[in-house]
Amino acid sequence: MTATTALAADNPFFAKWETPFGVPPFDEIKLEHYAPAFEEGMKLEKEQVAAIAENPAAPTFENTVEALERSGALLDRVSMVFFAMKSSMTNDELQAIAKDIVPKLSEHGDEIRLSEPLFRRIEAVYEQKDDLDLTAEQMRLLEENYKSFVRGGAKLSPEKKERLTEINSELSLLSLNFGEHVLKENNRFELVIEDEADLAGLPEGVIAAAAETAKERGHEGKWVFTLHKPSLIPFLQYSERRDLREKMYKAYINRGNHDDELDNKKICAEMAALRVEKAKLLGYETHAHFVLEDNMAKEPGKVYELLRKLWKPALARAKAEAAEMQKMIDEEGGDFKLQSWDWWYYAEKLKKAKYDLDEEMLRPYLKLENVLKGAFDVATRLYGLQFEKRSDIPVYHEDVTCYEVKEADGSHVGLLYVDYFPRKSKRGGAWMSEFRGQSKKDGKSIRPVIYNVGNFSKPTGDKPSLLSFEETETLFHEFGHALHGLLSDCNYESLSGTNVSRDFVELPSQVMENWASETEVLKMYARHYDTNEPMPDELIEKIRKARHFNQGFATTEYLAASFLDMDWHTLAEADPDKDTLAFENKALDEIGLIPEIISRYRSPYFQHIFAGGYSSGYYSYIWSAVLDADAFEAFKETGDLFDQETAKAFRKNVLSKGNTDDPMKLYKKFRGKEPAIEPLLKRRGLD
Ligand SMILES: [Zn+2]
């Protein structure tokens, strides 16, 4: 009996999953199963890849490119579960496994990408690609493979390959540490309020949630506020205690900046230096040049061009917004200048004064279950999809719910898990990913298993989870990514679903946000949690009137972070000792950011670029916003938000296609033309 077969007896990763749809058996997976499964997964993939590389037969598309695509199934299986748990169910043991395994995975990947005999075979197939009679999708797979090997360093000298492997391994570990620090920082700070008078201005629901947090954290009878968004944002919006708002906000913007074991400043500089060194090894001017070549934007100049085009009108609008707030402060007799920690508070007050609208008026109509049903109903009306709750499917936490998604005719589309409440083991933000991607094998479609994770307002006491409008839009956003994964209809997993370029991937997600605030759609889902009354017309009208409110701020804080990302990654010199904050200040000074607004992310907690896949890619949201505003315009032009022809075209040319063709080609097939920037400017009131 080999070690493997001995392990196989009790390690679910080595067994066939006898669960509905073959989903991960979360109830059986234990911490000790990961490391052996990773080791065995890497070993098997090595053997499979060696068999391809050493195949005595002449290289063909099938025996090389396609065979490579089908290798590594066990490693994929354990990775998908492990990294999902690391993001939303982590603990010290899991973090320790990650620290051990992540650099090994990095080296393992490099060993494959840098294998000389394997690359020679891929190159041989690539060189005869026009004579091979490949389908369009096969051609794309071949080209993407060849490109990823070249970009992975396959053509480098042995010495350079060695250095590249070291850099990749160091980067993987730094990025892991960065994320762990932010998670710990998020959990470390708490504002404990003992005197009820210090709660002045806070809505009842927010106070109730703070009391529950206090109870959970061992401060029964008091109130605790944390840096988790559902706690932080309402505090900034409503607390009359300016000093406490300052305290909360400063704690938020100084995460990873306390010169202690959780400090991330040095990691930022080190990662930026390693990235430029790597880019240069591979023959690029900067990391941004390296990354963008593989995106729609193609080069940094194009990104800066878009950012600058939007920056001027956005900043002008933000300055006007600040002036309005200052006027309000002065009129109230407040003898102070508006500061960054005042922005949410006065924005909320100003919205109330100008539009008689405030966040708390909306929440009762935005019960989580209703909002989710709203998102589902939009997908039903657009694509005929049906959603059925499945309580027989194992989940990894009691807050998780699983839905089966079906076509109008009842045939199976895939599964969607939703996991919406914050907890200490979950990182901040919201995201979509998958436990299994879509592909086809032997003519049969293997359907995807998708999940959405968020950090939304929890139920408190006898009240259900009541979302803010921003949380509602985020739910629609992640659901849009989920549809991209679910409706995928591709042959190869590496080209399927959301495996598209970074500046295209936010199109399916952001386009969904458009429906959330349309009158017709609000009428479908926004119902009072208690009375089930639909949201009154006058309230909907107020939302419509206030739609441009604070857009100067939102666009400016976002663009500032995008500039910061680009500035970090267009560095042409590697300096691991760079002063991170000095660099950041200079970058933000150069664009003229006003002190009342802080970049949406500061470097030490900018996880998108230092612990996620968005380095030189944070601009993607606004790039995709040009696409999504233009795409939504296509529906509006028909006079029907659910126009079937347009929905069919979007599904056929975008949602089902993954990365099987060039994104701009896909977009043009849907829209009949390239996207225009005007709909975006109009939507944000920046025209
Ligand atoms: Zn997104």
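Residues numbered from 1 in each chain as written. Predicted model: local features only at pLDDT ≥ 70, side-chain atom pairs only at ≥ 80, totals over all residues. Heavy atoms only, no water.

Attention shifts here to the overall build of the protein chain. Tallying secondary structure elements over the protein chain gives 28 helices and nine strands in all. Expected size for 687 residues packed as a compact globule is a radius of gyration near 26 Å; at 25 Å, the protein chain falls within 12% of this value. If you line up the protein chain on its principal axes, its C-alpha atoms span 85 × 60 × 55 Å. Buried positions account for 59% of the 687 residues belonging to the protein chain. A separation of at least 24 residues holds for 74% of the contacts in the protein chain among residues at least 6 apart in sequence. With an accessible surface of roughly 28400 Å², the protein chain has 49% of that area assigned to carbon and sulfur atoms. (Helix = DSSP H or I, 4+ residues; strand = E, 2+ residues; numbered from the N terminus. Rg over C-alpha atoms; globule rule 2.2 N^0.38 Å. Buried < 20%, exposed > 50% of the residue type's maximum accessible area, 1.4 Å probe, protein only. Contact = heavy atoms within 4.5 Å. Areas by Shrake-Rupley, 256 points an atom, 1.4 Å probe, with all protein chains shown as cover.)

The buried fraction of strand E5 (residues 412-419) amounts to seven of the eight residues, a majority that puts the element mostly inside the structure. For strand E4 (residues 400-406) and E5, the ladder comprises seven bridges, and the chain directions are antiparallel. Of the residues in E5, the one forming a bridge with Lys406 is His412. Hairpin remark: E4 followed by E5, antiparallel, with five residues in the connecting loop; positive phi at Gly410, about 90°. Pairing of E5 with strand E9 (residues 449-453) involves five bridges; the strand directions are parallel. (Pairing = 2+ DSSP bridges.)

Ideal geometry at a metal centre: 109.5 degrees between donors when four sit tetrahedrally, and 90 or 180 degrees when six sit octahedrally. Surrounding the zinc ion are the protein donor atoms His477 (NE2), His481 (NE2) and Glu506 (OE), at 2.1 Å. Every donor residue of the zinc ion comes from the same chain, spaced as H-x3-H-x24-E. Taken together, the residues span a long stretch of sequence, with His477 in helix H18 (residues 469-486) and Glu506 in helix H19 (residues 502-516) at a distance of 29 residues. Accessibility assignment for this pair places His477 and Glu506 in one class, buried. (Donors = N, O, S within 2.8 Å, 3.2 Å for Na, K, Ca; no water.)

What follows is about the pattern of salt bridges. Counted by the stated rule, this structure contains 62 salt bridges. As a salt-bridge pair, Asp260 and Arg188 come within 2.9 Å of each other at their nearest N and O atoms. Of this pair, Asp260 sits in the loop between helix H11 (242-253) and helix H12 (265-281) while Arg188 sits in helix H8 (residues 158-188), and the two are 72 residues apart along the sequence. As a salt-bridge pair, Arg241 and Asp198 come within 2.2 Å of each other at their nearest N and O atoms. Separated by 43 residues along the polypeptide, Arg241 in the loop between helix H10 (229-238) and H11 and Asp198 in the loop between strand E1 (191-193) and helix H9 (204-216) bring together distant segments of the chain. Several salt bridges share partner residues, and in doing so they unite Arg140, Glu144, Lys147 and Asp294 into one network. (Salt bridge = Lys/Arg side-chain N within 4 Å of Asp/Glu carboxyl O.)

Another aspect to go through is the sheet that holds E5. Taken together, five strands build an open sheet; the order of strands is E3-E4-E5-E9-E6 and the sheet is mixed. Single-partner strands in this sheet number two, and they are strand E3 (386-389) and strand E6 (431-436). Strand after strand, the sheet turns through a mean of 30° between neighbouring axes, direction not considered. As defined by bridge partners, E6 adjoins E9 across five bridges and the pair is classed as antiparallel. In the sheet register, Glu434 faces E9, and the bridge partner there is Ile450. Across the sheet, helix H4 (residues 73-88) touches E5, E6 and E9, and the angle it forms with E6 is around 150°. (Axes fitted to C-alpha atoms, helices over the stretch in contact; angles between N-to-C directions.)

In this section: the nonpolar core. Phe225, Trp515 and Tyr525 are the most contacted members of the largest nonpolar core, which has 167 residues in total. With 13 residues, the top contributor of residues to this core is helix H14 (residues 300-331). For Trp515, the residues in contact, after removing those within four places along its chain, are Val378, Leu382, Val521, Phe632, Phe635, Leu641 and Phe642. Counting 35 residues, the second largest nonpolar core, distinct from the first, contains Phe14, Tyr34, Phe82 and Leu176. (Core = buried A, V, L, I, M, F, W, Y, C linked by side-chain atoms within 4.5 Å.)

Quick look at unusual backbone geometry now. The phi torsion at Asp259 lies on the positive side, around 50°, for a residue other than glycine. Relative to the assigned elements, Asp259 resides in the loop between H11 and H12. One non-glycine residue, Lys298, lies in positive phi territory at about 70°. Note on placement: Lys298 falls in the loop between helix H13 (287-292) and H14.

Moving on: H18. Over its 18 residues, H18 runs 25 Å from end to end, which matches the ideal 26 Å to within 8%, given 1.5 Å per residue. The element H18 is extensively covered by neighbouring structure, given that 15 of its 18 residues are classed as buried. (Expected span 1.5 Å × (residues − 1).)

One can describe the packing of H10 onto H11 by two numbers: an axis separation of 10 Å at closest approach and a directional angle of 140°. Compared by their axis directions, H10 and H11 come out oblique. In terms of crossing hand, the pair formed by H10 and H11 is left-handed. Between H10, through Lys229, Leu232, Phe235 and Leu236, and H11, the contact on the second element is made entirely by Leu244, Arg245, Met248, Tyr249 and Tyr252. (Parallel < 35°, antiparallel > 145°, perpendicular 65-115°, else oblique. Left-handed = near helix turned anticlockwise from the far one by under 90°.)

Our next topic: the packing of helix H22 (residues 551-569) against helix H23 (residues 580-591). In the contact formed by H22 and H23, the axes pass within 10 Å of each other and the chain directions differ by 125°. Considering the angle they form, H22 stands oblique to H23. Taken as a pair, H22 and H23 cross one another with a handedness that is right-handed. The segment H22 lies against H23, with Ala560, Phe563, Leu564, Asp567 and Trp568 engaging Thr580, Phe583, Glu584, Ala587, Leu588, Glu590 and Ile591. Split by residue class, the contact of H22 with H23 holds eight nonpolar, one polar and three charged. (Nonpolar A, V, L, I, M, F, W, Y, C, P; charged D, E, K, R; others polar.)

Within the secondary structure layout, Tyr667 lies in helix H27 (residues 663-671). Spatially, the C-alpha atom of Tyr667 lies 8.6 Å from that of Phe650, the residues being 17 residues apart in sequence. The residues touching Tyr667, leaving out its near neighbours within four places in the chain, are Leu507, Leu627, Asp630, Ala631, Gly672, Lys673 and Pro675. There is a polar contact of 3.1 Å between the side chain of Tyr667 and the backbone nitrogen of Ala631. (Polar contact = N/O pair within 3.5 Å; in protein donor to acceptor, adjacent residues only side chain to side chain.)

A few words on the environment of Glu678. As for its placement among the helices and strands, Glu678 is situated in helix H28 (residues 678-683). Judged by relative accessible area, which is 51%, Glu678 ranks as exposed. Spatially, the C-alpha atoms of Glu678 and Ala629 are 8.6 Å apart, while their sequence positions differ by 49 residues.

Right, let's talk about the packing of aromatic side chains for a bit. This structure, assessed with the given rule, holds 50 aromatic pairs. Each ring, one from Phe119 and one from Tyr146, has its centre 5.8 Å from the other, and the planes form 20°; the classification is stacked. Taken together, the residues Phe119 in helix H6 (residues 116-127) and Tyr146 in helix H7 (residues 136-151) connect sequence positions 27 residues apart. Just as Phe119 is buried, Tyr146 falls in that class too. Ring plane angle 70° and centroid distance 5.2 Å describe the contact between Tyr284 and Phe290, whose orientation is recorded as edge-to-face. The rings of Tyr249, Tyr252, Trp343, Trp344, Phe553, Tyr558, Tyr601, Tyr605, Phe606, Tyr614, Tyr618 and Tyr621 are connected pair by pair, giving a single aromatic cluster. The lysine or arginine in question, Arg255, covers the ring of Tyr605, its NZ or CZ lying 4.2 Å from the ring centre. Taking the ring centre of Tyr614 as reference, the NZ or CZ of Arg502 above it sits at 4.1 Å. (Phe/Tyr/Trp six-rings, centres within 6.5 Å; stacked < 30°, edge-to-face > 60°. Lys NZ or Arg CZ within 6 Å of the ring centre and 35° of its normal.)

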